[in-house]
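What follows is each chain in one-letter form.
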Amino acid sequence: MAQHDRDVHSIDEKRLRMAEEGLHSSPAAPVPARAGLANPAPLGLLCFGMTTVMLMFIDAGWSEDPAIIAVMCYACFYGGFGQMVAGVFELIKGNTFAGTAFFSYGAFWMAFFTNNVLTRNAAAAVASMPGATPAFFGSSHFHVGATLIYCLWGLFTFCFFVPTLRKNGCLMTIFGSLTITFFLLAGAQW
């Protein structure tokens, strides 16, 4: 009986000691599920694709002109800001090609938004003044600037297309069709 009491007593001491150690030790830090950043490419591609499709609705005449306000806000925040964020995260991950592409096209959408807002505000201001002539809006030379911008972006996109010849077919298709699109937009503005 004495042996049994000693065994029970030693087991109780071990349990007590383990409980005390558990109370005095600090809890383990949570372990992240996965180290590193998530892939920002889907965000950037969705931002560019969705904004381009919305603009196409306006250019193709599938929606009314007042919808341009929604498209411009979408272009600024989802197309522009969203792609810039994706570009920054790609650069942080060390992917220079994707980071530069996403950030550049995000800046394109921000500039597109700003240009359209300024142009429409100028047109509205001129229309509200009797006898005023538009300084730049409505001029036959106004579309030359838009043509040059689209041509420059077509050339810029072609420069991105060339490295994709060593990458996958999906990137080749995206940048190849985008190059053609910019030059077609330039021709339409001309």
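Residues numbered from 1 in each chain as written. Predicted model: local features only at pLDDT ≥ 70, side-chain atom pairs only at ≥ 80, totals over all residues. Heavy atoms only, no water.

Draft legend 1. Geometry of the side chain of T157. Relative to the helices and strands, T157 is located in helix α5 (residues 142-164). Under the relative-accessibility criterion, T157 is labelled buried at 0%. Among all residues touching T157, those that are not within four sequence positions of it are Y105, F175, L178, T179 and F182. (Helix = DSSP H or I, 4+ residues; strand = E, 2+ residues; numbered from the N terminus. Buried < 20%, exposed > 50% of the residue type's maximum accessible area, 1.4 Å probe, protein only. Contact = heavy atoms within 4.5 Å.)

Draft legend 2. Layout of the environment of G44. By the element assignment, G44 lies in helix α2 (residues 41-59). In this structure, the C-alpha to C-alpha distance between G44 and G80, residues 36 residues apart in sequence, is 9.5 Å. Leave out the neighbours within four places in its chain, and G44 touches Q83, A86 and F102.

Draft legend 3. Fine view of α2. Relative to the 27 Å expected for 19 residues at 1.5 Å per residue, α2 spans 27 Å between its end C-alpha atoms, a close match to the ideal helical length. Within the span of α2, buried status applies to A41, G44, C47, F48, T51, L55 and I58. Seen along its axis, α2 keeps its buried residues to an arc of 135°; they face one direction. (Expected span 1.5 Å × (residues − 1). Arc of directions from axis to C-beta.)

Draft legend 4. Spatial organisation of the packing of aromatic side chains. Enumeration over the complete set of coordinates arrives at 21 aromatic pairs. Here F160 and F175 contribute two aromatic rings whose centre-to-centre distance is 5.7 Å and whose plane-to-plane angle is 15°, an arrangement assigned as stacked. Of this pair, F160 sits in helix α5 while F175 sits in helix α6 (residues 169-189); the two residues are 15 residues apart in sequence, bridging distant segments of the chain. The exposure classification of F160 matches that of F175, with both residues buried. Among the aromatic residues, those joined into a cluster by ring pairs are F48, F97, Y105, F108, W109, F112, Y150, W153, F156, F160, F175 and F182. Seen from the ring of F97, K167 lies directly overhead, with NZ or CZ sitting 5.2 Å from the centre. (Phe/Tyr/Trp six-rings, centres within 6.5 Å; stacked < 30°, edge-to-face > 60°. Lys NZ or Arg CZ within 6 Å of the ring centre and 35° of its normal.)

Draft legend 5. Local environment of the packing of helix α4 (residues 96-128) against α6. Here α4 crosses α6 at 25°, and the two axes come no closer than 15 Å. Relative to α6, the element α4 lies roughly parallel. Considering how the two elements wind past one another, α4 and α6 form a crossing that is left-handed. Residue-level inspection shows F97, A101, Y105 and F108 of α4 in contact with α6, the latter providing F175, L178 and F182. (Axes fitted to C-alpha atoms, helices over the stretch in contact; angles between N-to-C directions. Parallel < 35°, antiparallel > 145°, perpendicular 65-115°, else oblique. Left-handed = near helix turned anticlockwise from the far one by under 90°.)

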